[in-house]
Amino acid sequence: TVRALLERDIEATHRVAATALEALEFPFDAGADVFIEVVETVVVHLRLPPIDDVVPGTFGVVLKSGEIRERFRPAEERNADYRRLVLGLGILVSSHLFANLPRTDVVRVIASVRRMKKRDSDPIDPCVFDLPVGRGSVEQFRDGDLNLNRFAAMGMVLDCDSKGLLKAIPTPSCLEGI
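Residues numbered from 1 in each chain as written. Predicted model: local features only at pLDDT ≥ 70, side-chain atom pairs only at ≥ 80, totals over all residues. Heavy atoms only, no water.

Caption draft 1: Molecular detail of the state of the cysteines. The final tally for this structure, using the stated rule, is zero disulfides. No disulfide involves C160; its sulfur sits 15 Å from that of C127, the nearest cysteine. Relative accessible area serves as the criterion here: at 24%, C160 is assigned to the partly exposed category. (Disulfide = S-S within 2.5 Å. Buried < 20%, exposed > 50% of the residue type's maximum accessible area, 1.4 Å probe, protein only.)

Caption draft 2: Structural context of the packing of aromatic side chains. Counted under the stated rule, the structure contains one aromatic pair. The ring of F141 is capped by R150, whose NZ or CZ atom sits 5.8 Å from the centre of that ring. (Phe/Tyr/Trp six-rings, centres within 6.5 Å; stacked < 30°, edge-to-face > 60°. Lys NZ or Arg CZ within 6 Å of the ring centre and 35° of its normal.)

Caption draft 3: The nonpolar core, seen in detail. Membership of the largest hydrophobic core comes to 42 residues, with the highest contact counts inside it found for L48, L97 and F129. Contributing elements (two or more residues each) for this core: helix 2 (10-23), strand 1 (31-38), strand 2 (41-48), helix 4 (75-100), strand 5 (106-113) and strand 6 (127-134). The greatest single-element share of this core, amounting to eight residues, is contributed by helix 4. Not counting the four nearest positions on each side in its chain, F129 is found in contact with L48, V86, L87, V109, I110, A111, M156, V157, L158 and I169. Listed in part, the five residues of the second largest apolar core include V43, I110, C127 and I169. (Core = buried A, V, L, I, M, F, W, Y, C linked by side-chain atoms within 4.5 Å. Helix = DSSP H or I, 4+ residues; strand = E, 2+ residues; numbered from the N terminus. Contact = heavy atoms within 4.5 Å.)

Caption draft 4: Highlighting the pairing of strand 2. Of all eight residues making up strand 2, six are buried, and the element is well covered by its neighbours. As judged from the seven bridges shared by strand 1 and strand 2, these two strands associate in the antiparallel manner. By the bridge assignment, D33 is partnered in strand 2 with H45. Between the end of strand 1 and the start of strand 2, which pair antiparallel, lie two residues. (Pairing = 2+ DSSP bridges.)

Caption draft 5: Examining the pattern of salt bridges more closely. Scanning the entire structure with this criterion turns up nine salt bridges. In this structure, the salt-bridge partner of E40 is R8, at a minimum N-O distance of 2.8 Å. Separated by 32 residues along the polypeptide, E40 in the loop between strand 1 and strand 2 and R8 in the loop between helix 1 (2-6) and helix 2 bring together distant segments of the chain. Under the relative-accessibility criterion, R8 is labelled partly exposed at 39%. (Salt bridge = Lys/Arg side-chain N within 4 Å of Asp/Glu carboxyl O.)

Caption draft 6: Fine view of helix 2. A rise of 1.5 Å per residue sets the reference length of helix 2, with its 14 residues, at 20 Å; its end C-alpha atoms lie 20 Å apart and thus fit the reference within 8%. Looking at helix 2, one finds that the buried residues are A12, T13, V16, A17, A20 and L21. End-on, the buried residues of helix 2 take up no more than an arc of 160°, which puts them together on one face. Opposite the buried face of helix 2, at more than 90 degrees from it, the exposed residues are E11 and E22. Looking at the buried positions of helix 2, the neighbouring elements they touch are helix 1, strand 1, strand 2 and helix 4. Where helix 2 starts, the residue carrying a side-chain oxygen 3.0 Å from the main-chain nitrogen of E11 turns out to be D9. (Expected span 1.5 Å × (residues − 1). Arc of directions from axis to C-beta. Polar contact = N/O pair within 3.5 Å; in protein donor to acceptor, adjacent residues only side chain to side chain.)

The structure is reproduced here in structure tokens:
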């Protein structure tokens, strides 16, 4: 298998990438599919859970009486936590694939989130970011700082509303029809 990877065999690359992604244990209900047209660029479709499944909307506050009262988290804080979580997951997936695919230079992570449709015209699972990760750019995230400026410098496509909630972006052509 290593020889096939070094010789840029697309089928071997796809098999190793798919196996590597299956080996990842996500801490929540998420999934990933891999698409490869050329060995140097691997496209990953990351299926994310909705924010309500992974970032609590409330927190408990202990009162002097010992009673616990639920408080709502500010939307901006909650959305920022979700954004850091899913972008960090994109970096994790990329790092994992780079460790397994010696000839891959770019992992393009395209994420969609499962959302309930509010209108019939809404996409079922809208794409929320498109992140091209170069092999050398993964290193800059070792410190755990998921600053959006770092992602923007990598060419990420992402849109947020005024409260930081991830908004739908146009579906990249490589995922149309999936």
